[in-house]
Every structure is written in structure tokens, then in C-alpha cells.
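Per-entry structural report
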Amino acid sequence: MSASDQASGFTRPRLVTKKVLAKPQREGDGAVVRRSIGRSELKYVDPFLMLDEFAVSSPAGFPDHPHRGFETVTYMMQGAFTHQDFTGHKGTIGTGDVQWMTAGRGIIHSEMPAGEGTQTGLQLWINLSAEDKMVEPRYQELLSKDIAKAEGDGVEVRIIAGESMGVKSPVYTRTPTMYLDFTLQPRAQMHQSIPESWNSFVYVLEGEGVFASLNSSSVTAHHALVLGPGDGLSAWNKSSKPLRFVLVGGQPLNEPVVQYGPFVMNTQAEINKTFEDYQYCKNGFEMAKYWRSQSVD
Ligand code: FJE
Ligand code: FE
């Protein structure tokens, strides 16, 4: 065991089992996303259904659409997004802010860029267990200034969910989840423990990094790396520019998944029921009857 392993307390480093490049594709109304989790080569990393890196300029965006059965986590990288939902909840998140939305039994909302130019960020979809799929919708909003941070030895981490370097996020994760945003200066390295039974992946945002084993080749922006079994991850920045990536991990649900776009349930019968609820504005979709988002221009 090396000194750094001892410091972070893991002994079985995870290796990379899959590397996927997220190429730009169109989604919503004229928006462009780089989808990593959720594309055909990487359908589901239980409990994670989707990871999109979005880049959107007005008038493109994600107009009125429903969700049921999972959570969406929106993390702004640059610029701002305004969301409005059918319960009257409305707000704008800016650079570095996080909106953690538990859609549960049902949300209908719009998500539209709020500023001039290109607004960028990440949206992660986390599945809910059968037990939690029909919970009341809930928001947890974290402003950038309130996000827990830790730093040292050329490493800075923003703790969206979970714990790193002894610092904990206040976010409540119904499906136990870690979501860490690391920036490594040139020559810096990181060692992060990850619960052994969890699935985990890395998504590279900026720069290039060496992940999992020191002799592996470096990985550049827009790549997702699925990690294999083990209890931690190491990464190194051997380049001359900062390296930024997110490390996401979660306890697998090990349940059947039947997805129809924005509805994610356990069985086809539940999906059929969801269509019915949506169509007839029932069981969580009551407010859909007359609601339309307002133009934010
Ligand atoms: C959605 C197509 C979509 N990625 N990233 C179908 F585009 C969406 C959707 C999003 C989305 C929204 C934001 Cl703010 C960022 C995204 C897809 O809204 F929900 C379905 N069903
Ligand atoms: Fe949405």
C-alpha cells in the first residue's frame, strides 16, 4: 500500500472497463447535448440513466416536458438556466449552481437558457427505487457559494453529493450517490475512496488526465470512463494545463428498468399507467390540465 492509498483509505483501485466519447447530438428544441450515459453503447450504469453535457443558446432549450420515476441533477458550468414547473416553482440557476430535482410521481417543467450566448452544464438522471418512484416531487437547490469545497496539493474538489477530503455535502440522496467535481493542477494527483458495492464513472470536462493506473494513456474532454470493481479511484494530471472531471458513483438498484423517454418505471404496465395518468392529468399530473410555462424573454 502506498502512502497516498493510506491517506485516502483504499486498497483495491478501480480500473477503467469502458471508455466512451460523447459526441454532440440534438435534443429538446434545437439544443445540443453530448450524451455519455444513456447512449446506445452505454445504456445504463445502474442507478444512472443519463449524463448529458449541454451547450444551449436561446431560443433553443427544453420546453414543457414531463418526468416520472427518477431525479434530474442540473449542474451549471457557464451561464444560467431558468426552470418553471407546473406547481409554480420557478427559478434561475447560474454558473456553479446545482438543482437537484426529485421528479418522483410527476413533474412537468421547462428548462430554458437565461443569458446571452451559450449556456453550458451537465444534467445527470438518477433512477429511483421502486419504493421511491412515486414520492412527492422535491427540489434541493445549491448555490455555487454554498457548495462544499476542499482543497490541497493542487487538487480542488466541489462536493455536490457525498463526501471527499473529509467534507460532506448537505444534499439528501434517495438513491445513495456521490457526485464530485475535481480540478487538478499540472502534476497533481487525487485518490478518492468509493464504496465497494457502488457503480461509478468519470466524465472529463477539461484538459487531459491519466485515470486508474499510472501507465494508462491519457483521456481528453467529453469522454466517459466506466470504472470496474474496487474501493477507490486515482487520477493524475501529467499535462501542463488544469484537468477537470466529475466522479459519480451510486448504489445500484438492481431492479428492472422500463423507460419511455422521460418516464422510467419498473414494468411496462407501470409505463402504460403513467401514459394514462399524464393524458388524463391524474396521480401527480393534476396540475398539467391548464399549465403552460411563461415565455422568459
Ligand atoms: C427530455 C429529450 C430531452 N438532456 N440536458 C427528451 F432533451 C429531454 C431533456 C433534457 C435536458 C434538459 C437539460 Cl436542462 C439538460 C438535458 C435532456 O429535457 F427530458 C426528454 N424526455
Ligand atoms: Fe426536464
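Residues numbered from 1 in each chain as written. Chains lettered and ligands numbered in written order. Predicted model: local features only at pLDDT ≥ 70, side-chain atom pairs only at ≥ 80, totals over all residues. Heavy atoms only, no water.

- Per an unreviewed UniProt entry, the protein goes by Pirin and derives from Escallonia herrerae.
- Comment text from UniProt for the protein, heading Subcellular location (unreviewed entry), reads "Nucleus".
- The annotation that UniProt attaches to the protein under Sequence similarities (unreviewed entry) is "Belongs to the pirin family." (UniProt positions renumbered as here; feature names shortened; annotations may be inferred.)

1. Let's talk about empty space enclosed by the protein
- One pass over the structure, following the stated rule, counts one cavity of 30 Å³ or more.
- In this structure, the largest cavity encloses a volume near 50 Å³.
- As for the largest cavity, its lining consists of T74, F81, T82, H83, I93, Q99 and E111.
- In terms of residue count, strand β7 (residues 81-85) provides more of the lining of the largest cavity than any other element does, three residues in total. (1 Å grid on protein atoms, 1.4 Å probe; cavity = no way out; pocket = protein on both sides within 12 Å on 5 of 7 lines; lining within 4 Å. Points joined across faces, edges and corners; volume = space filled by probe spheres on them. Helix = DSSP H or I, 4+ residues; strand = E, 2+ residues; numbered from the N terminus.)

2. Description of the site of ligand 1
- In the vicinity of ligand 1 lie 13 residues, with E27, G28, D52, F62 and H65 positioned nearest.
- Contact with the protein chains removes 88% of the 450 Å² of surface that ligand 1 exposes when unbound.
- Among the cavities detected, the one that contains ligand 1 is the largest pocket.
- Counting only elements with at least two residues in the shell around ligand 1, the list comes to β4 (48-56), β5 (62-67) and β11 (119-127).
- Its residues assigned to classes, the shell around ligand 1 shows six nonpolar, four polar and three charged. (Near = heavy atom within 4 Å. Areas by Shrake-Rupley, 256 points an atom, 1.4 Å probe, with all protein chains shown as cover. Sits in = over half its atoms within 2 Å of the grid points. Nonpolar A, V, L, I, M, F, W, Y, C, P; charged D, E, K, R; others polar.)

3. What to know about the sheet that holds strand β18 (residues 189-193)
- Across the sheet, four strands lie side by side as β18-β23-β20-β21; this open sheet has antiparallel pairing. Here the strands that pair on one side only, and so sit at the sheet edges, are β18 and β21 (219-220).
- Bridge analysis of strand β20 (residues 208-211) against strand β23 (residues 232-236) gives two bridges, and the strand direction is antiparallel. By the bridge assignment for β23, F211 is matched with A235. (Pairing = 2+ DSSP bridges.)

4. A short note on the confidence of the model for the protein
- With 97% of its residues at a pLDDT of 70 or more, the protein shows a mean pLDDT of 96.
- The low-confidence segment residues 1-6, where pLDDT is below 50, has six contacts with residues more than four positions distant or belonging to other chains. (pLDDT = per-residue confidence, 0-100. Contact = heavy atoms within 4.5 Å.)

5. Digging into the sheet that holds strand β12 (residues 138-142)
- Strand order in the open sheet formed by seven strands is β2-β3-β4-β11-β6-β9-β12, and the pairing between neighbours is antiparallel. Sheet topology places β2 (24-27) and β12 at the edges, where each strand pairs with a single neighbour. Averaged over all adjacent pairs, the angle separating strand axes in this sheet is 25°, with direction ignored.
- Relative to β4, strand β3 (residues 31-35) runs antiparallel, the two sharing four bridges. Looking at the pairing, V32 lines up with A55 of β4. (Axes fitted to C-alpha atoms, helices over the stretch in contact; angles between N-to-C directions.)

6. Let's talk about the nonpolar core
- By size, the foremost hydrophobic cluster in this structure holds 28 residues, and its most contacted members are W100, L122, L124, Y179, F201 and Y203.
- Looking at this core, the elements with two or more residues in it are β4, β6 (70-78), β9 (98-102), β11, β14 (155-161), β19 (199-206), β22 (223-227) and β24 (243-250).
- Setting aside residues no more than four positions away along its own chain, L124 makes contact with F48, M50, L51, E71, T72, V73, Y179, F201 and V248.
- F182, W198, V204 and L225 belong to the second largest nonpolar core, which has 25 residues in total. (Core = buried A, V, L, I, M, F, W, Y, C linked by side-chain atoms within 4.5 Å. Buried < 20%, exposed > 50% of the residue type's maximum accessible area, 1.4 Å probe, protein only.)

7. Topic: the pairing of β23
- Most of β23 is tucked away: five of the five residues are buried.
- Going residue by residue along β23, you find G232, S234 and W236 tucked away on one face and L233 and A235 tucked away on the opposite face as well.
- The pairing of β18 with β23 spans five bridges and is antiparallel. By the bridge assignment for β23, Q189 is matched with W236.

8. What about the coordination of the iron ion (ligand 2)?
- Here the iron ion (ligand 2) is held by the protein donor atoms H65 (NE2), H67 (NE2), H109 (NE2) and E111 (OE), which lie 2.1 to 2.2 Å from it.
- Of note, the donors binding the iron ion (ligand 2) are all from one chain and are spaced H-x1-H-x41-H-x1-E. Placement of the pair is H67 in strand β5 and H109 in strand β10 (residues 107-113), with a sequence separation of 42 residues.
- What makes H67 buried here is its relative accessible area of 1%.
- A residue is classified by how much of its surface remains accessible, and H109, at 0% relative accessible area, is buried. (Donors = N, O, S within 2.8 Å, 3.2 Å for Na, K, Ca; no water.)

9. Concerning unusual backbone geometry
- Cis geometry is found at the peptide bond from D46 to P47, where omega equals 10°.
- Phi is positive for H222, which is not a glycine, with a value near 75°.
- H222 sits in the partly exposed class, given a relative accessible area of 21%.

10. Notes on the packing of aromatic side chains
- Going through the model one piece at a time under the given rule, you end up with twelve aromatic pairs.
- Look at Y260 and F275: their rings are 5.0 Å apart centre to centre, the planes differ by 75°, and that puts the pair in the edge-to-face class. A residue pair is termed long-range when its members are at least 10 positions apart, and Y260 in strand β25 (residues 258-260) and F275 in helix α2 (residues 268-280) qualify at 15 residues.
- Note on Y278 and F285: the rings are 5.5 Å apart at their centroids and 70° apart in plane angle, and the pair reads as edge-to-face.
- In this structure F285 comes out as buried when scored by relative accessible area, which is 0%.
- Joined through ring pairs, the aromatic side chains of Y260, F263, F275, Y278 and F285 make up one cluster. (Phe/Tyr/Trp six-rings, centres within 6.5 Å; stacked < 30°, edge-to-face > 60°.)

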